[in-house]
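Breakdown of the fold
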Amino acid sequence: MGEIAAATIFHQMAAGAKEPVYQAAFRNIGRDEGRHMAICMSLMERDYPKLDVSERSLITKQIRAGYLFLSAVLFEPPMEFWDLPEDFIPAQREGEAIARAAGFFIPEYEQKKENWRSAMLNLKGVLDRYNIPFPAIPEVGITGEEISDIDMDDIIPVF
Ligand SMILES: [Fe+2]
């Protein structure tokens, strides 16, 4: 899920950057993220058909944990999970606007949200093939299994 979203966001950053060095750097990073995505897809195709039914709920929980953790990088950090000061998100948005105006492209809130949502729906399509339930991600309008008991121990395997 992270690799899909990262590949998308870095390609957008390459396309929107004004400086040639950033265009090239983000194009290369985007290509690299695309490779990570292909590796993850291959591993899922290799291993998921052999997965024991009892392990499916762990994957559902890890997807929810992945959403909470990776949102901080690929979207915006969920305030109810991350221990952040109240002005964190406004300050982050302001910093991004300054970077954008200087030619260092960062997608806007709605575009990031759409990237994140489509990365999750893309992964959901893969998990559906193996009958692995997808968690509800109400933050981006995705319905599914309610997962509400994520703590830091669930985040560690997401790394
Ligand atoms: Fe990656």
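Everything that follows concerns the structure shown earlier in this document.
Computed from a predicted structure; not experimentally measured.

In this section: the packing of helix 1 (residues 2-16) against helix 2 (residues 20-47). Packing of helix 1 against helix 2 brings their axes to within 8 Å, and their N-to-C directions diverge by 165 degrees. Looking at the two axes, helix 1 sits roughly antiparallel to helix 2. Like other packed secondary-structure pairs, helix 1 and helix 2 cross with a definite hand, here left-handed. Contacts between helix 1 and helix 2 involve E3, I4, A6, A7, F10, H11, M13 and A14 from the former and Q23, F26, R27, I29, G30, E33, G34, H36, M37 and C40 from the latter. Within the contact of helix 1 with helix 2, the residues separate by chemical class into 10 nonpolar, 5 polar and 3 charged.

So, on to unusual backbone geometry. At N131, a residue that is not glycine, the phi angle is positive and equals roughly 55 degrees. As for its placement among the helices and strands, N131 is situated in the loop between helix 5 (109-129) and helix 6 (152-155).

With respect to the helices and strands, the residue T60 is situated in helix 3 (residues 56-74). Between the C-alpha atoms of T60 and I132, which are 72 residues apart in sequence, the distance is 7.0 Å. With near-sequence residues (within four places) excluded, T60 lies in contact with I132, P133, F134, P135, E145 and I147.

Let's shift gears to helix 3. In this model, helix 3 (19 residues) spans 25 Å end to end at C-alpha, consistent with the 27 Å of a helix rising 1.5 Å per residue. Taken together, the buried positions of helix 3 are occupied by I63, R64, A65, G66, Y67, L68, F69, L70, S71 and L74.

Counting 27 residues, the largest nonpolar core has M1, I4, A5, L74 and A119 as the members making the most contacts within it. Counting only elements with at least two residues in this core, the list comes to helix 1, helix 2, helix 3 and helix 5. Dropping the residues within four chain positions of it, L74 is found in contact with G2, A5, A6, I9, K112 and W116.

Another point: the environment of W82. Checked against the element boundaries, W82 lands in the loop between helix 3 and helix 4 (88-101). The class for W82 is partly exposed, based on 13 C-beta atoms found within 10 Å. A sequence separation of 19 residues divides W82 from A101, and the C-alpha atoms of the two residues are 28 Å apart. Residues in contact with W82, not counting those within four places in the same chain, are A72 and P77.

So, on to helix 2. Spanning 28 residues, helix 2 covers 41 Å between terminal C-alpha atoms, matching the ideal 40 Å at 1.5 Å per step. When we look at burial in helix 2, the residues that qualify are F26, E33 and M37. Buried residues along helix 2 sit in contact with helix 1.

Orientation of helix 1 relative to helix 5, taken along the N-to-C sense of each, is 140 degrees, at an axis distance of 8 Å. Taken as axis vectors, helix 1 and helix 5 run oblique relative to one another. As helix 1 packs across helix 5, the resulting crossing turns out to be right-handed. Residues I4, A5, T8 and I9 of helix 1 lie in contact with helix 5, whose contacting residues are N115, W116, A119, N122 and L123. In terms of residue class, the contact of helix 1 with helix 5 is built from 6 nonpolar, 3 polar and no charged.

Procedures and definitions
Residues numbered from 1 in each chain as written. Predicted model: local features only at pLDDT ≥ 70, side-chain atom pairs only at ≥ 80, totals over all residues. Axes fitted to C-alpha atoms, helices over the stretch in contact; angles between N-to-C directions. Helix = DSSP H or I, 4+ residues; strand = E, 2+ residues; numbered from the N terminus. Parallel < 35°, antiparallel > 145°, perpendicular 65-115°, else oblique. Left-handed = near helix turned anticlockwise from the far one by under 90°. Contact = placed C-beta atoms within 7 Å. Nonpolar A, V, L, I, M, F, W, Y, C, P; charged D, E, K, R; others polar. Expected span 1.5 Å × (residues − 1). Buried ≥ 20, exposed ≤ 12 C-beta atoms within 10 Å, placed from the backbone. Core = buried A, V, L, I, M, F, W, Y, C linked by C-beta atoms within 7 Å.

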